[in-house]
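One letter stands for each residue in the lines below.
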Amino acid sequence: MIFPLRSEPAVEATGLVKKFHAVKAVDGVDLVVPRGGIYSVLGPNGAGKTTVIRILATLATPDGGQARVLGRDVVSEAAKVRERIGLTGQFATVDEELTGTENLIMLARLQGFSRAASVRRASDLLGAVSLDAAADRLVKKYSGGMRRRLDIAASIIVTPDLLFLDEPTTGLDPRSRAQVWETVRGLVEVGTTILLTTQYLDEADQLADRIAVMEHGKVIAEGTPGQLKSSVGVGTLRIRLREAAQRPEAIRVLAEDLQITAQEEADAVGLTARVPGSDADLAVSAVSRLAGRGISVTDFALGQPSLDEVFLALTGHTTDRNDQEEAA
Amino acid sequence: MTVQLTSSAADTSGSSDLRDVLMRGTRPPRANAFTVTMTFGWRALLKIKHGPMQLFDVTVFPLMLTLMFTYLLGGAIAGSTTVYLQDLLPGILVMAILMITQYTGAALNSDRTKGVFDRFKTLAIWRPGSVIGAMLGDLVRYSIAGILVVLLGVALGFRPAGGVIGVALGLMVVLLFSFAISWMWTAAAFVMPTPHSTMAAGAIIIFPLTFLSNIFADPKTMPGWLQAFIDVNPVTYVVSATRNLMFDRPLGNDLLWVLVSSAVIVAIFGPLTMWLYKNKQ
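As the structure is a computational prediction, the values presented were derived from the model and not from experiment.

Q: Would you explain the overall build of chain B in this entry?
A: Each helix and strand counted, chain B has 13 helices and zero strands in total. For chain B, the sequential pattern of α-helices and β-strands runs α-α-α-α-α-α-α-α-α-α-α-α-α. Taking the principal axes of its C-alpha atoms as reference, chain B extends roughly 80 × 40 × 35 Å. The proportion of buried residues among the 281 residues of chain B is 53%. Pairs at least 24 apart in sequence give 80% of the contacts found in chain B among residues at least 6 apart. As displayed, chain B has an accessible area near 12500 Å², and 72% of this comes from carbon and sulfur atoms. Positive and negative side-chain charges of chain B, numbering 19 and 12 respectively, have mean locations separated by a distance of 8 Å.

Following this line, the structure appears as structure tokens:
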């Protein structure tokens, strides 16, 4: 028997293609995910992220190309791959008609734990994801965040070498989101490699060591969060004025003194400008210039590039919202 | 709401717990086929426990059939409802249980169209266990339905000469054939888009199979072409075998044909179901 070397990447995919009828949901994806840490696939709904995950998790067979997960081919060695991965799907992959405890006991039994060990494991895991109080409640009565955490607990009954998390925080409130992030970071510490998909740049930025940006079934950019953001090269400066009447003058001042092209927001006192990088100095001098001209600013914020801006920079167009809903 | 309180109260139970738990998540030896099947059977029973209403469908419907057909046709066909009931009850039992087997397909389709099936598919387990286990759980429901129908029959004047043992053996034949025919619905569950359409597809097959049989009337009274169909309809043999066991009459070849047709159905639809399991996405 040949044991794969530790240094072999967690995922190595070349030219993956998956068609649904005439549409190529995945259109020639190459992906190399190193061992350890968190790798994020970022993109809008319908970009093909979920399909890539389904192929790598052996739930779908590719129509073209090939993929190795932990050194095993996802098609010809699917059973071997399954022994070492965990998956938390985009839609909760737990049984709603059972309690949290019953879900975990069932999955532990299926994976070879004895009856007593399954009960213990279920209780330990529920504690670790802070669901002990809801252990004996039916999952259909769980909130979205609780379901997600149960889902993650279900994926780590046997600590996987590679865990797929498909949009683990979509639709969650900020607190639940933070709890999911905490769990994900805990997994990395014990050596699990995480491949997570997300629609949120800030999530990828907070968690990931590397990011692949996907659109229309293709990877359009890949790199560390820093590389990606500097390639985008823009941030968003938002300014709110005290007087709506001063807005035209404020726009003129910013353009003449700092060469910043500001746009009017729907809100009569709001201004938005795209500025290079995350240049805090520029933001500060913009505010002080305005104050120097007697234009009082009530609030300002310098945001990192939004996903839309990343897309604009990478593709020359913004993400098409209607497109996404349909393809989701 | 308590839901909110739970998640916030437990907010701080730190990730050191998690790390401990993860460190202990070593993979045990793979679960054997029996354990996998029984675990899925346990799941099916838990669902009955948490949603006893699902027993309502499978019990009320058979009882309704028994009452309706006994009083609707008894006088016309046998001259008396009690006389007719002796012949009809084993047949109604077969019909009622075969009809509710369609729930097996609907439940599997619902698993597949929701996310939970994806989880099962990513586990390295003996896959037929998930289907067979669910069927074993369903057998419990069929048994309950069958026993209730027999009890109702006895209350209405059903007096099987085979006694409790004869009735139990008859019921087992019905359960055996139900198990076999369920594989047709599980295959359908992988092809049809919704639980509802899975049931509808099953109904198209189960209605002619049960009505065009010897359940309601003696086939000798029917036109030749219909007799020819009834002769090759396996349900006819299930009904005959059940009647003969319940009334302690000689079995003839009926039971053999039940076994053969069950084996043929499973041999075709078992592998087909598992092929669809693997290949339908």
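Q: What am I meant to see in the overall build of chain A here?
A: Looking only at helices and strands, chain A features 12 helices and 14 strands. Element-wise, carbon and sulfur atoms account for 50% of the exposed surface of chain A, whose accessible area totals about 13700 Å².

Q: How do you make sense of helix H13 (residues 254-279) of chain B when you look at a structure like this?
A: Residues and elements named next belong to chain B. The end-to-end C-alpha separation of H13 is 37 Å, in line with the 38 Å expected for 26 residues at 1.5 Å each. Turning to H13, its buried residues number three or more, namely Asp254, Val258, Ser261, Ser262, Ile265, Gly270, Thr273, Met274, Leu276 and Tyr277. Where H13 is buried, its residues contact helix H7 (116-122), helix H8 (128-156), helix H9 (163-191) and helix H12 (234-246).

Q: Mind showing me how you'd approach a nonpolar patch on the surface here?
A: All names here are of chain B. On the surface, Leu45, Val140, Ile144, Ile147, Leu148 and Leu151 cluster together to form a nonpolar patch covering roughly 460 Å² of accessible area. Top element by residues in the nonpolar patch is H8. It accounts for five residues. Residue position: Leu151 is located in helix H8. A residue is classified by how much of its surface remains accessible, and Leu151, at 53% relative accessible area, is exposed.

Q: How should I be thinking about the side chain of Asp73(A) in this particular structure?
A: Residues and elements named next belong to chain A. Along the chain, the position of Asp73 falls in strand S5 (residues 72-73). Of the polar contacts made by the side chain of Asp73, one reaches the backbone nitrogen of Val75; its length is 2.8 Å. Ignoring any residue separated from it by four or fewer positions in sequence, one finds Asp73 in contact with Gln66, Ala67, Arg68, Ala78 and Val81.

Q: Explain the interface of chain A and chain B to me, please; I cannot follow it from the model alone.
A: How large an interface is tends to be reported as the accessible area lost when its parts come together. Facing 60 residues of chain A, the contacting portion of chain B comprises 46 residues. Taken over both partners, the interface formed by chain A and chain B buries close to 4600 Å², and the fraction arising from carbon and sulfur atoms is 58%. With a shortest N-O distance of 4.0 Å, Glu96(A) and Lys114(B) are connected by a salt bridge. Where chain A touches chain B, the interface holds 11 residue pairs in polar contact (both at pLDDT 80 or more). Elements represented by at least two residues in the side of chain A that touches chain B include exactly helix H2 (78-82), strand S6 (85-88), helix H3 (100-110), helix H4 (115-128), helix H5 (144-155) and helix H6 (174-189) of chain A. Here the side of chain A that touches chain B is composed, by residue class, of 26 nonpolar, 15 polar and 19 charged.

Q: Explain the sheet that holds S6(A) here, please?
A: Strand pairs in the sheet, formed through backbone hydrogen bonds, run parallel or antiparallel to each other. Residue and element names in this part refer to chain A. Taken in spatial order, the six strands line up as S6-S7-S8-S3-S9-S10 in an open sheet, and their pairing is mixed. Edge positions in the sheet fall to S6 and strand S10 (218-223), since each has one partner strand and no second. Averaged over all neighbouring strand pairs, the angle between strand axes comes to 15 degrees, with direction disregarded. In terms of strand pairing, strand S9 (residues 210-215) meets S10 through five bridges, oriented antiparallel.

Q: How should I be thinking about the confidence of the model for chain A in this particular structure?
A: Any region with low pLDDT has predicted coordinates that should not be read closely. All names here are of chain A. Mean pLDDT over chain A: 85, with 89% of residues reaching 70 or higher. The weakest mean pLDDT in chain A belongs to helix H12 (residues 321-327) at 40; the strongest belongs to H3 at 96. Confidence drops under pLDDT 50 across residues 321-328; counting only partners more than four residues distant or on other chains, this segment forms seven contacts.

Q: Please explain unusual backbone geometry as it appears in this structure.
A: Most peptide bonds are trans, and most residues other than glycine sit at a negative phi. Residue and element names in this part refer to chain A. In this structure, Thr58 takes a positive phi of about 70 degrees despite not being glycine. Note that Thr58 resides in the loop between helix H1 (49-56) and strand S4 (64-69). A positive phi angle, close to 45 degrees, is found at His216, a residue other than glycine. The topology assignment puts His216 in the loop between S9 and S10.

Q: How do you make sense of the sheet that holds strand S1 (residues 11-20) of chain A when you look at a structure like this?
A: All names here are of chain A. The four strands are arranged S2-S1-S4-S5 in an open sheet whose pairing can be described as antiparallel. Every interior strand has two partners, whereas the edge strands, strand S2 (23-33) and S5, have only one. In this structure, S1 lies alongside S2, joined through eight bridges in antiparallel fashion. Within S2, the residue paired with Phe20 across the bridge is Val23. Against the sheet, H1 engages S1, S2 and S4, with an angle of about 65 degrees to S2.

Q: Would you mind showing me how to read the packing of helix H3 (residues 33-50) of chain B against H8(B) here?
A: Each pair of packed helices gets described by two things: the angle between the helix axes and the distance between those axes. Residues and elements named next belong to chain B. Closest axis-to-axis distance for the H3/H8 pair is 7 Å, and the angle between their directions is 45 degrees. For the element pair H3 / H8, the angle class is oblique. The handedness of the crossing between H3 and H8 comes out as right-handed. Across from Val36, Thr37, Met38, Phe40, Gly41, Ala44, Leu45 and Ile48 in H3, the residues of H8 making contact are Gly129, Ser130, Ile132, Gly133, Ala134, Leu136, Gly137, Val140 and Arg141.

Definitions and limits used
- Residues numbered from 1 in each chain as written.
- Chains lettered and ligands numbered in written order.
- Predicted model: local features only at pLDDT ≥ 70, side-chain atom pairs only at ≥ 80, totals over all residues.
- Heavy atoms only, no water.
- Helix = DSSP H or I, 4+ residues; strand = E, 2+ residues; numbered from the N terminus.
- Buried < 20%, exposed > 50% of the residue type's maximum accessible area, 1.4 Å probe, protein only.
- Contact = heavy atoms within 4.5 Å.
- Areas by Shrake-Rupley, 256 points an atom, 1.4 Å probe, with all protein chains shown as cover.
- Lys, Arg positive; Asp, Glu negative; His and termini not counted.
- Charge placed at Lys NZ, Arg CZ, Asp CG, Glu CD.
- Expected span 1.5 Å × (residues − 1).
- Patch = residues over 30% accessible without salt bridge, like charges linked within 9 Å, V, L, I, M, F, W, Y side chains within 5 Å.
- Salt bridge = Lys/Arg side-chain N within 4 Å of Asp/Glu carboxyl O.
- Polar contact = N/O pair within 3.5 Å; in protein donor to acceptor, adjacent residues only side chain to side chain.
- Buried area = accessible area lost by both parts, 1.4 Å probe.
- Nonpolar A, V, L, I, M, F, W, Y, C, P; charged D, E, K, R; others polar.
- Pairing = 2+ DSSP bridges.
- Axes fitted to C-alpha atoms, helices over the stretch in contact; angles between N-to-C directions.
- pLDDT = per-residue confidence, 0-100.
- Parallel < 35°, antiparallel > 145°, perpendicular 65-115°, else oblique.
- Left-handed = near helix turned anticlockwise from the far one by under 90°.

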